[in-house]
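Residue strings, one per chain:
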Amino acid sequence: MSGGIAAYKACHLVRDLKEAGDDVRVVPTPSALNFVGAATFEALSGHPVSTTVFDAVDEVQHVRVGQEADAVVIAPATADVMARLVAGRADDLLTATVLVAQCPVIVVPAMHTEMWWNPATQANVRTLRERGVIVLEPAHGRLTGRDTGPGRLPEPDQIAELTRAVLDGADLTPDWAGRRVLITAGGTQENLDPVRFLGNRSSGRQGFALAEIAAHRGAQVTIVAGATDDLPTPSGATVEKVTSAREMAEVVGRLAPEMDVIIMAAAVADFRPVSQADAKMKKGHDDAALQLLELVENPDILATTVQQRREGLVPAETTIVGFAAETGDGQTSALEYAQAKLTRKGCDLLMANEVGEGRVFGQTRNSGWLLTADGAVTEVPDGSKHVVAAAILSAVDDLRN
Ligand code: CTP
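Given the structure is predicted, the values throughout are model-derived calculations rather than measurements. (Residues numbered from 1 in each chain as written. Predicted model: local features only at pLDDT ≥ 70, side-chain atom pairs only at ≥ 80, totals over all residues. Heavy atoms only, no water.)

Attention shifts here to the sheet that holds strand 6 (residues 180–185). Judged by pairing direction, the sheet is mixed, and its 8 strands sit side by side in the order 10-9-6-11-14-15-16-17 without closing on themselves. Of all strands in the sheet, those with a lone pairing partner are strand 10 (237–241) and strand 17 (377–384), marking the two edges. Across the sheet, the axes of successive neighbouring strands diverge by a mean angle of 20 degrees, strand direction being ignored. Two elements, strand 9 (residues 220–225) and strand 10, share 5 bridges in a ladder whose sense is parallel. If you follow V224 over to strand 10, its bridge partner there is E240. Across the face of the sheet, helix 14 (residues 385–400) comes into contact with strand 11 (261–264), strand 14 (319–326), strand 15 (349–354), strand 16 (365–372) and strand 17 while running at roughly 150 degrees to strand 17. (Pairing = 2+ DSSP bridges. Helix = DSSP H or I, 4+ residues; strand = E, 2+ residues; numbered from the N terminus. Axes fitted to C-alpha atoms, helices over the stretch in contact; angles between N-to-C directions. Contact = heavy atoms within 4.5 Å.)

Encoded structure:
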């Protein structure tokens, strides 16, 4: 950690990583200790904390910490520490550690917007990325003073999740710069009356994980989100909130012509009530309507987008990815249902998984198969939704290349 006010959030990051089973060494810069004391980090990490290469000289600490690490995460990373990394300085234990490290280095910038946009900082970010350092996008929001803008440290659990994904092999190469990506996420809600709706158990986690990985790979990401769990907005992404399938269809229809990649991870309700009551339906008064729910089919957003591409309304080069949440039955397996769905919907890639009995919906892990239109099936092993997201984006890369 380097010396920014967001250093206090690093306490939660250390705890999150420790709880996930990682062995964490905290290496603050001397100025970081102006914000949080060494004792806090020693207690949280269970290791001594030092800032200088002149501590534990007999253990050759300035080399050993970097050599032994599986990942180095600098959170918060100030403009100053990034400048020092670019220059290859080794004037404290942190920069010496980074110079030695052969493992992934994840830099999590946090600073005021002006500092972030300063050409010097932006040039340093570009240089670090060219050298293979993973520089995450800062979050957008309230900063230390009254100002708001990009420059906030992402939430500690987001940083921990991304770190774990990198340790599990997720590709965060920033080569999606300039790519425009649309992701649908969460479940739609179809209103019956002002207080009741038909909905589903989708949490939005897979869609948000996709957005997070795509944004950190440099893409310009828009999430069209229905109902989701309380998830933080991924840094570098914007969220358009919708409620019903028809609203989602309207927003997707408006944005799709501009997109390079469209990923439909939302659980869209296939049907909606024929009519929506203006006032709350009452037992004893609206019994007929409450007992027999008349439904009408919703637009199929994925199939419509594929059709629009055929008609030239969406560019021919746009990659369209669907999801299929399936259960198998006596005759047909979940995978067979997914293969039929890919053909029916006409998308380029389909991420299929088996759902039900507490699997997938609301969970932090996922697994399944990636199917392409040529009939190829690639198994996606059990992993966090971020690791699965990275696998899906790598499959999009393969298709586009
Ligand atoms: N989808 C969509 N619009 C709908 C329904 C689904 O865009 N009205 C998208 C989902 O976002 C997902 C894919 O289509 O990417 C498959 O969703 P799923 O609900 O599994 O497909 P359905 O067509 O509803 O098929 P099923 O009969 O199995 O429910």
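Next comes the rest of the account.
On the UniProt side, "domain: Flavoprotein" (unreviewed entry) is annotated at positions that read residues 1–162 here. The distance separating the terminal C-alpha atoms of residues 1–162 is 17 Å; by composition the span is 43% helix and 14% strand. (UniProt positions renumbered as here; feature names shortened; annotations may be inferred.)

Below, the discussion takes up the nonpolar core. Formed by 62 residues in total, the largest nonpolar core has its most connected members in F41, L210, V221, I223, I263 and I392. In terms of residue count, helix 14 provides more of this core than any other element does, 8 residues in total. Here this core gathers at least three residues from each of two domains, domain 1 (7–167) and domain 2 (180–278 + 289–400). In this view, V221 contacts V181, I183, A211, A214, A215, G236, A237 and T238; residues no more than four positions away in its chain are not counted. Core analysis: the second largest hydrophobic core is formed by 26 residues, A256, M259, V306 and C347 among them. (Core = buried A, V, L, I, M, F, W, Y, C linked by side-chain atoms within 4.5 Å. Buried < 20%, exposed > 50% of the residue type's maximum accessible area, 1.4 Å probe, protein only. Domains from an automatic or database assignment.)

We now examine the pairing of strand 16. Regular strands show a simple pattern: their side chains alternate between the two faces of the sheet. Most of strand 16 sits inside the fold, with 6 of its 8 residues counted as buried. Note that strand 15 and strand 16 share 4 bridges and pair antiparallel. From the neighbouring strand, M351 faces strand 16, where its bridge partner is L370. Two strands pair when backbone bridges link them, and strand 16 and strand 17 are joined in this way by 6 bridges, in the antiparallel orientation. Each bridged residue has a counterpart across the sheet, and for N366 the counterpart in strand 17 is G383. Hairpin connection from strand 16 to strand 17: 4 residues lie between these consecutive antiparallel strands, with G375 at a positive phi of about 95 degrees.

Near the ligand lie 15 residues; those nearest to it are M264, A266, D270, K341 and K345. The backbone of P299 places a nitrogen or oxygen atom 2.9 Å from a nitrogen atom of the ligand. Contact with the protein chains hides 78% of the accessible area of the ligand, taken as 570 Å² for the molecule alone. Elements that contribute at least two residues to the shell around the ligand include exactly helix 12 (301–310), strand 14 and helix 13 (334–345). For the shell around the ligand, the residue count by class is 9 nonpolar, 1 polar and 5 charged. (Near = heavy atom within 4 Å. Polar contact = N/O pair within 3.5 Å; in protein donor to acceptor, adjacent residues only side chain to side chain. Areas by Shrake-Rupley, 256 points an atom, 1.4 Å probe, with all protein chains shown as cover. Nonpolar A, V, L, I, M, F, W, Y, C, P; charged D, E, K, R; others polar.)

What follows covers the packing of helix 4 (residues 79–87) against helix 5 (residues 93–100). It is the contact of helix 4 with helix 5, at a shortest axis distance of 10 Å, that shows an interaxial angle of 45 degrees. Here helix 4 lies oblique to helix 5, going by the angle between them. When you trace helix 4 past helix 5, the crossing you get is right-handed. Contacts between helix 4 and helix 5 pair V81, R84 and L85 from the former with L94, T95 and V98 from the latter. Partitioned by chemical class, the residues of the contact of helix 4 with helix 5 number 4 nonpolar, 1 polar and 1 charged. (Parallel < 35°, antiparallel > 145°, perpendicular 65-115°, else oblique. Left-handed = near helix turned anticlockwise from the far one by under 90°.)

The sheet built from 3 strands is open, its strands ordered 1-2-3 with parallel pairing. Each having just a single partner strand, strand 1 (72–77) and strand 3 (134–135) make up the two edges of the open sheet. Looking at chain direction, strand 1 and strand 2 (residues 105–109) are connected through 4 bridges and run parallel. Across the sheet, I74 pairs through a bridge with V107, a residue of strand 2.

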